[in-house]
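Tertiary structure, described
Here is how the chains run, residue by residue.
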Amino acid sequence: MKNDNKKGFYFKQYEAPFQSPFDKLFGIFKELITHTSGDFDEAIDWLRELDKEYKLTDKQYTIDDFIEDLKKKGYIRDELKDDGTSGIGITAKTERAIRQQALDNIFGNLKRSGSGNHKTKHAGNGDEHTGEFREFHFGDGLERISLTESLRNAQINNGVADFMLTENDLVVEETQYKSQMSTVLMIDISHSMILYGEDRITPAKKVAMALAELITTRYPKDTLDILVFGNDAWTIAIRDLPYLKVGPYHTNTVAGLQLAMDLLRRKRNTNKQIFMITDGKPSCVREKDGSYYMNSNGLDEYIVDKCYNQAQQARKLHIPITTFMIANDPYLQQFVNRFTEANQGKAFYTGLKGLGEMIFEDYETNRKKRIK
């Protein structure tokens, strides 16, 4: 008798999932519009150059067809430029699509890494499953019993022929406490973020957009404020992130920290934190009379002492600061080490690669800490 129930693996040549011509170009367009800070014309110019080099389109579907589809689908609109001339701008629909792509890119990397760095010491009657199991104890709720694992234990312990389920076979899944979190994300927009031939602002923007999309869709009770700091510090709306640019600024870290703490003082959540993305040393402070004291040569003791004071102040308010340093100068690392010690926070010397994944890992870990 022929046995058709064959088990094993079947291998075949990889076939890429089907993408329409529009979808293929739209993914590239979203990446370009982020790099050009929302400048549609510049993004399309880049797309045309890529098309020449990599043959992205054909006679059946051209770049002009793609632009027309963008209009029909509501991703772009006609608008007046600052100089009074007519032009094309992206819509809120595109802004959401950019944030979603940033989130997918970062979380796709997290899923593939399989690092599982989301554990907490406080397992128990929480509201988030951990994927870890233990024996059933008297008092555990019935809803926490893992039926699959319990039946598996019963088969192993008692056999299939004389199947029976006893209390000794029961297994429950651990859960974690999950608390609401208020976060302020600080982004350095000083001129050094585009110096030395390296674009450091675009990865920072992507992280901010992805974090905003994560919180608004997955953790709607959490809050996220985004601020930028150069000579001064100010907040920006989530919708403005694609248009963020660096300026001819020094780095006033003190102003950023002061604004971040002011924002968090108004939040009712018990868990509060500051994420700071920066690539340079603090080089500017604003004096009480409104004037600026600036010094770009080395680490100015007057300026860095004010930074240490702000770190200590945040510690008194129980606000940890996590610094993501995307430069690797040894003397800057020494500053960050002292700054982190003053706050009892954390510091990561990430470079640009892996910045998003590291921030997301840290965000998930921090929000699952149990409030005592």
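Structure's up top.
Bear in mind the structure is a predicted one, so any value in this text is a computation, not a measurement.

1. Side note on the overall build of the chain
Looking only at helices and strands, the chain has 10 helices and 13 strands in total. At a minimum sequence separation of 6, the contacts of the chain that also span at least 24 residues come to 69%. By element, 49% of the accessible surface of the chain is carried by carbon and sulfur atoms, the whole surface being about 21600 Å².

2. Comments concerning the nonpolar core
Within the largest apolar cluster, 55 residues are counted, with the highest numbers of intra-cluster contacts made by Phe29, Phe66, Leu70, Leu185, Ile187, Leu211 and Ile277. Filtering out sequence-adjacent residues up to four positions away, Leu185 remains in contact with Ala208, Leu211, Leu224, Asp225, Ile226, Leu227, Phe275 and Ile277. With 28 residues, the next largest nonpolar core counts Val254, Leu263, Ile303 and Ile319 among its residues.

3. Some words on a nonpolar patch on the surface
Where nonpolar side chains cluster on the molecular surface, the patch consists of Leu147, Leu151, Phe163 and Leu165 and spans about 370 Å² of accessible area. Positionally, Leu151 belongs in helix H5 (residues 147–158).

4. Focus: the pattern of salt bridges
What the rule picks out here adds up to 13 salt bridges. Across the salt bridge formed by Arg200 and Asp279, the nearest N and O atoms sit 2.5 Å from each other. Taken as a pair, Arg200 in the loop between strand S6 (181–188) and helix H6 (201–218) and Asp279 in the loop between strand S9 (271–278) and strand S10 (284–286) lie far apart in primary sequence, 79 residues in all. With respect to class, Arg200 is no different from Asp279; both count as buried. For Asp262, the salt bridge goes to Arg265, with nearest N and O atoms at 2.6 Å. Placement of the pair is Asp262 and Arg265 together in helix H7 (residues 253–265), with a separation of three residues, close to one helical turn. Here Arg265 falls in the partly exposed class, since its relative accessible area comes to 44%.

5. Quick notes on the sheet that holds strand S12 (residues 321–325)
Sheet strands associate in pairs through backbone hydrogen bonding, adopting either a parallel or an antiparallel arrangement. Read across the sheet, six strands follow the order S8-S7-S6-S9-S12-S13 without closing on themselves; strand pairing throughout is mixed. Each having just a single partner strand, strand S8 (233–236) and strand S13 (346–349) make up the two edges of the open sheet. Taking each pair of neighbouring strands and ignoring which way they run, the sheet shows an average axis angle of 20°. Bridge count between S6 and S9: seven bridges; the pairing is parallel. What sits directly across from Leu185, in S9, is Phe275. Packed on one face of the sheet, helix H10 (residues 355–367) meets S6, S9, S12 and S13 and runs near 170° to S9.

6. A short note on unusual backbone geometry
Not every positive phi belongs to a glycine, and Lys55 is a case in point at roughly 55°. Along the polypeptide, Lys55 turns up in the loop between helix H2 (40–54) and helix H3 (63–72). Here Gln344, not a glycine, exhibits a phi torsion of approximately 60°, which is positive. Considering the arrangement of structural elements, one finds Gln344 in the loop between helix H9 (330–343) and S13.

7. Regarding the environment of Ile33
Note that Ile33 resides in helix H1 (residues 21–35). Put simply, Ile33 and Tyr243 are 210 residues apart on the chain and 8.9 Å apart in space, counted from C-alpha to C-alpha.

8. Details of the pairing of S12
Among the five residues of S12, five are classified as buried, and the element is accordingly described as predominantly covered. Side chains Ile321, Thr323 and Met325 of S12 all project onto a buried face; the interleaved residues Thr322 and Phe324 project onto the opposite face, where all are buried too. Note: S9 against S12, five bridges, orientation parallel. Its bridge partner lying in S12, Met276 is registered against Thr323. Judged from the four bridges that link them, S12 and S13 form a sheet pairing that is parallel.

9. Description of H5
Taking 1.5 Å per residue, 12 residues should reach 16 Å; H5 reaches 16 Å between its end C-alpha atoms and fits that length. Taken residue by residue, H5 has Ser150, Asn153 and Ala154 as its buried positions. Around the axis of H5, the buried residues are gathered within 100° of arc, so they sit on the same side. For H5, the exposed residues lying more than 90 degrees away from the buried face are Thr148 and Ile156. Phi turns positive one or two residues past the end of H5, at Gly159, with a value near 85°.

10. Focus: H1
With 15 residues, H1 extends 22 Å between its outermost C-alpha atoms, agreeing within 8% with the 21 Å of an ideal straight helix rising 1.5 Å per residue. Residues Phe22, Leu25, Phe26, Phe29, Lys30, Leu32, Ile33 and Thr34 constitute the buried set of H1.

11. Section: the environment of Ile359
Looking at where Ile359 falls in the secondary structure, it is placed in helix H10. Ignoring anything within four residues of it in the chain, the contact list for Ile359 reads Val207, Phe275, Ile277 and Phe324.

12. Concerning the side chain of Asp169
By the element assignment, Asp169 lies in the loop between H5 and strand S5 (171–176). Among buried charged residues, Asp169 stands out as having no salt bridge; its nearest opposite-charge side chain is Arg152, 11 Å away. Polar contacts involving the side chain of Asp169 include one to the main-chain amide nitrogen of Thr166, which spans 2.9 Å. The contacts of Asp169, once residues within four sequence positions are left out, are Ser150, Asn153, Ala154, Asn157, Asn158 and Met164.

13. Some details on the pairing of S8
Of the strand pairs in this sheet, strand S7 (residues 223–229) and S8 are connected by four bridges, and their pairing is antiparallel. Within S8, the residue paired with Val228 across the bridge is Trp234. The turn linking S7 back onto S8 is made up of three residues.

Conventions we followed
Residues numbered from 1 in each chain as written. Predicted model: local features only at pLDDT ≥ 70, side-chain atom pairs only at ≥ 80, totals over all residues. Heavy atoms only, no water. Helix = DSSP H or I, 4+ residues; strand = E, 2+ residues; numbered from the N terminus. Contact = heavy atoms within 4.5 Å. Areas by Shrake-Rupley, 256 points an atom, 1.4 Å probe, with all protein chains shown as cover. Core = buried A, V, L, I, M, F, W, Y, C linked by side-chain atoms within 4.5 Å. Buried < 20%, exposed > 50% of the residue type's maximum accessible area, 1.4 Å probe, protein only. Patch = residues over 30% accessible without salt bridge, like charges linked within 9 Å, V, L, I, M, F, W, Y side chains within 5 Å. Salt bridge = Lys/Arg side-chain N within 4 Å of Asp/Glu carboxyl O. Pairing = 2+ DSSP bridges. Axes fitted to C-alpha atoms, helices over the stretch in contact; angles between N-to-C directions. Expected span 1.5 Å × (residues − 1). Arc of directions from axis to C-beta. Lys, Arg positive; Asp, Glu negative; His and termini not counted. Polar contact = N/O pair within 3.5 Å; in protein donor to acceptor, adjacent residues only side chain to side chain.

Worth remembering: the numbers are spatial, not functional.
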